[in-house]
Structures are given as C-alpha cells and as structure tokens.
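Read off the chains here:
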Amino acid sequence: ALEPLSVGLAIGVASALTGYLSHPRFYCSYVECCPSAGHRLNATALKVQLGAKLFGQHLAKDVVLKAVMGFSNNPSPKKPLTLSLHGWAGTGKNFLSQILAEHVHRAGLRSKFVHLFLATLHFPHQDQVKLYKEQLQNWIRGNVSACPYSVFIFDEMDKMHPGLIDAIKPFLDYYEQVDGVSYRNAIFIFLSNAGGDLINKAALDFWTSGKRREEIQLKDLEPMLSVGVFNNKNSGLWHSSLIDRNLIDYFVPFLPLEHKHVKMCIRAEMTARGYAVDEEVVQAVADEMTFFPKEQKIYSDKGCKTVQAKLDIHEDA
C-alpha cells in the first residue's frame, strides 16, 4: 500500500501540473484564443507595417490607422467599427484588410476569429438572397458569441446582390445587445471597386490643377464617395440602410497608383522572394504595365495586381 504522504504528494503535484497546463497563458500559447478585454493594438507596429507595405495610399493609411487605434483604445465603444474601402483593383484594399486582421488576431486570415466572405463564392444566386440573409445573421451571431473581437471582411461588395448586406444592419447599429449578444467590439470591413471611377477622376483633377496627390484629404472624397456608392446599382450598398442610417464609420478611398508606386510594389515583391533588387528588372516589369489616361499615362489601370505574374517572366534575369 502507498504511504498517505506519497499519495498526497502525488495528488498535489498532479493538481499543480493540471492547473499550470490549463492556465490561459500556457494554453493560448498553443491554441488560438480570443483576445482578452484588455487587449490593445500596437499602434507603432501597425503604422510601421502600413508604411513599409502599402504604397501610394496616404489617405487610407492615415484614416484606417486613426480609426482602428481610436476604436481599440476605447474601453466601451458604442458600436462595432465599420469601414468601407473603395478603389480600383490592385490599389491595396485587400492588402490593408489583411494587415489589419493580423494585428487584431496574430494568425490573420487563417485565424478562426477572422471571417472572409466573397460575394461570388458565398452568395452566388439572386433567387436565394432570403436564405443568404438568414445564414449570414446566424454565422455572425455565432462567431461574435464565441469571440467579441471577431473581424468580418466582405470582399467583392460591388458584386453582392442589392439588399443582402442590410441583413447585418442590427449588428452594426448602436445597440448594447441584440438577442443577448454585444457586437460593439467587432470589426466589419467592406471591400469594393465601386466608386473607383469617382476617386480616379478626383485624383486626375488634382493632378491637372498642379496639386500633389498628398494634398488630397478625406473631406475631398468621402461625401462624394458615399453618395455615389449609395446610388450605384452595382455597388452592393445600393440604397443600403447601412449608409442611410450612417452606420458605416468611414468610406476610405484608395487612389490610383502612379509609376513610382508600381515600382515600389515590384521592389517589395523581389525582396519578398529573396532576390536582390535589380533596377533594370524593376523598369522592365513596370514597362509591361498599362497606364491611363491614354495621353498622359499617369496611373496604372490594374494597380499592382499583376506585378507578381509579370515578375515571374523575369525570374531568370
């Protein structure tokens, strides 16, 4: 028979070990956990990463950084943070949303607390909008119940069926709770090409008048952008109650990229692949891109979207 002292010691050691293994700090170092209530984003790290990886978007960087940090540092926000990012393809909308997701949840888009919806993949059929609305509400409710700091990214908003996104309106409103669940700490991000033409025209007008693109301010574009998107039948936010009720906190414009920005993207991609930056290759790839307007050729019509594919051709070089 075991001595009582030995038995007691064994039980004590086992209890201590069990307690240590189940401690949140230890457990969450191996399994992803939802951030605690005191979790705050690192403003310096986010600013540095945006500065190093997002090119030609002074407005988007400034607006999103201030909005996200203000939201993160607010101990009791009145509603979830809702951002709508607009601009042509390749200007950095997806890139910014990925960077932001990684700063809220370390695993970024791989996190079980970050949810990406693609309009053409998740909501393809017009005749099933009623079903999609119900599924979307249940999905968001379930995920925010599991983690109040969930991030929801809706891509291809310009391809989303009109009225569908209004299903989440109660979750974005100024309610303390909806059916016992608080959504005030969640982040919702909409990505859309809608409004890109308006942004490009405004940028070209600034250039034509001799002004620097860095002089463009949010007040120069946001009112026009919100109205344009609201009245655009192909925006996914056409006549949306989210706009009508002022539930979108910021309409963030992404400006068209110039030659110098495209070259920045090429250099960054070469560095990411472990190559030494060769300016001849950078110029060769940039020369293969197409620019508009036809006469001036100021802005890349695809942003940096095709840089990776173009660079593949030059890998031997």
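If you check an unreviewed UniProt entry, the protein appears there as TOR1B protein from Chordeiles acutipennis. We quote the UniProt Sequence similarities (unreviewed entry) comment for the protein here in full: "Belongs to the ClpA/ClpB family. Torsin subfamily."

Q: What is the right way to read the overall build of the protein from this model?
A: Scanning the protein for helices and strands turns up 14 helices and seven strands. Across its three principal axes, the protein shows a C-alpha extent of roughly 95 × 50 × 35 Å. For the protein, the proportion of its 317 residues judged to be buried stands at 44%. Of the accessible surface of the protein, which amounts to about 16700 Å², a share of 55% is contributed by carbon and sulfur atoms. Taking the 34 positively charged and 33 negatively charged side chains of the protein as two groups, their mean positions are separated by 5 Å.

Q: Explain the domain arrangement of the protein to me, please; I cannot follow it from the model alone.
A: Frequently, the measure chosen for interface size is the accessible area that the parts lose on association. In terms of domain boundaries, the protein breaks down into domain 1 (43–254) and domain 2 (259–316). When each unit is reduced to the centre of its C-alpha atoms, the spacing between domain 1 and domain 2 is 27 Å. Taken together, the contact pairs 10 residues of domain 1 with 14 residues of domain 2. At the junction of domain 1 with domain 2, the criterion picks out zero salt bridges. Where domain 1 packs against domain 2, one counts two residue pairs in polar contact (both at pLDDT 80 or more). Residues of the side of domain 1 that touches domain 2, tallied by class, amount to six nonpolar, three polar and one charged.

Q: For this particular structure, what's the right way to read helix α9 (residues 196–208)?
A: Because each turn of an α-helix spans 3.6 residues, side chains separated by three or four positions end up pointing in the same direction. Look at α9: 18 Å from first C-alpha to last across 13 residues, which is about the 18 Å you get at 1.5 Å a residue. Here α9 has its buried residues at Gly196, Ile199, Asn200, Ala202, Ala203 and Phe206. Considered in projection along α9, the buried side chains sweep an arc of 160° and stay on one side of the axis. The exposed set on the far side of α9, more than 90 degrees from its buried face, consists of Asp197, Lys201 and Thr208. Residues of α9 that are buried in the fold lie against β1 (81–86), α10 (218–230), β5 (250–253), β6 (291–292) and β7 (299–300). Gly210 sits one or two residues past α9 and shows a positive phi near 85°.

Q: Can you walk me through the UniProt feature "binding site: ATP" (unreviewed entry) in the protein in this structure?
A: Annotation from UniProt places "binding site: ATP" (unreviewed entry) at Gly87, Trp88, Ala89, Gly90, Thr91, Gly92, Lys93 and Asn94. Assignment of secondary structure puts Thr91 in the loop between β1 and α5 (93–104). The exposure class assigned to Thr91 is buried, which follows from its relative accessible area of 4%. Thr91 has contacts with Leu54, Gln57, Phe254, Leu255, Pro256 and Leu257, leaving out every residue within four places of it along the chain. Within the element layout of this structure, Lys93 appears in helix α5. Sequence-distant contacts of Lys93, that is, excluding residues within four places in its chain, are made with Leu85, His86, Gly87, Trp88, Leu191, Ser192, Asn193 and Phe254. A polar side-chain atom of Lys93 sits 3.1 Å from the main-chain carbonyl oxygen of Trp88.

Cut-offs applied
- Residues numbered from 1 in each chain as written.
- Predicted model: local features only at pLDDT ≥ 70, side-chain atom pairs only at ≥ 80, totals over all residues.
- Heavy atoms only, no water.
- UniProt positions renumbered as here; feature names shortened; annotations may be inferred.
- Helix = DSSP H or I, 4+ residues; strand = E, 2+ residues; numbered from the N terminus.
- Buried < 20%, exposed > 50% of the residue type's maximum accessible area, 1.4 Å probe, protein only.
- Areas by Shrake-Rupley, 256 points an atom, 1.4 Å probe, with all protein chains shown as cover.
- Lys, Arg positive; Asp, Glu negative; His and termini not counted.
- Charge placed at Lys NZ, Arg CZ, Asp CG, Glu CD.
- Domains from an automatic or database assignment.
- Contact = heavy atoms within 4.5 Å.
- Salt bridge = Lys/Arg side-chain N within 4 Å of Asp/Glu carboxyl O.
- Polar contact = N/O pair within 3.5 Å; in protein donor to acceptor, adjacent residues only side chain to side chain.
- Nonpolar A, V, L, I, M, F, W, Y, C, P; charged D, E, K, R; others polar.
- Expected span 1.5 Å × (residues − 1).
- Arc of directions from axis to C-beta.

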